[in-house]
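Structural overview
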Amino acid sequence: LDGSPAIYYIRQGQGSGRNRFHIYFEGGGFCTDDKDCLHRAGTYYGSSGGDDPSINFDHPFFAGAKKDSPLMWNWNHIMVRYCDGAYFSGHRD
């Protein structure tokens with residue numbers, strides 16, 4: 001929202017998981033009006049400006065041990081940072 005760049009983090013996969021991907025889109029809600037967007041632009045959910053260049057993938061979604069995540073432990077894990085105030089929805093015809 002503040003013009004800072006989109007950002008994502010990746011932990012490279014290995015072995016049999018190097019061609020498999022787990023992509024996590026961070027949630028954050030959405031702006032309800034212009035005033036709300038202006039406020040959010042100065043917060044974590046509206047800017048990537050204060051983000052570190054790397055993160056610790058310590059969330060259970062990104063478990064790197066086979067005992068904790070038998071399916072995806074060695075996959076590529078990508079976390080797409082939320083910072084744009086948008087939301088996605090659909091309609092089934």
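Residues numbered from 1 in each chain as written. Predicted model: local features only at pLDDT ≥ 70, side-chain atom pairs only at ≥ 80, totals over all residues. Heavy atoms only, no water.

Moving on, we get to the sheet that holds strand S1 (residues 8–11). The sheet built from three strands is open, its strands ordered S1-S3-S2 with mixed pairing. The open sheet is flanked by S1 and strand S2 (21–25), the only strands paired with a single partner. Averaged over neighbouring strand pairs, the angle between their axes works out to 15 degrees when direction is ignored. Where S2 and strand S3 (residues 76–80) come together, five bridges link them in parallel fashion. Residue Phe25 lies in a different strand from S3, and its bridge partner there is Val80. (Pairing = 2+ DSSP bridges. Helix = DSSP H or I, 4+ residues; strand = E, 2+ residues; numbered from the N terminus. Axes fitted to C-alpha atoms, helices over the stretch in contact; angles between N-to-C directions.)

With that out of the way, let us pick up the pattern of salt bridges. Oppositely charged side chains may form a pair once their charged atoms are brought near each other. Across all of its chains, the model carries three salt bridges by this definition. Two residues, Lys67 and Asp68, come together in a salt bridge whose shortest N-O distance is 3.1 Å. Of the two residues, Lys67 and Asp68, both sit in the exposed class. (Salt bridge = Lys/Arg side-chain N within 4 Å of Asp/Glu carboxyl O. Buried < 20%, exposed > 50% of the residue type's maximum accessible area, 1.4 Å probe, protein only.)

This paragraph deals with a nonpolar patch on the surface. Residues Phe21, Ile23 and Phe25 make up a contiguous nonpolar surface patch of about 350 Å² in total accessible area. The residue Phe25 is located in strand S2 in this model. (Patch = residues over 30% accessible without salt bridge, like charges linked within 9 Å, V, L, I, M, F, W, Y side chains within 5 Å. Areas by Shrake-Rupley, 256 points an atom, 1.4 Å probe, with all protein chains shown as cover.)

Time to look at the side chain of Ser48. Mapped onto the elements of the fold, Ser48 is located in the loop between helix H1 (34–40) and S3. Sequence-distant contacts of Ser48, that is, excluding residues within four places in its chain, are made with Ser4, Pro5, Ile7, Arg81 and Cys83. (Contact = heavy atoms within 4.5 Å.)

What is shown is where atoms sit, not what they do.
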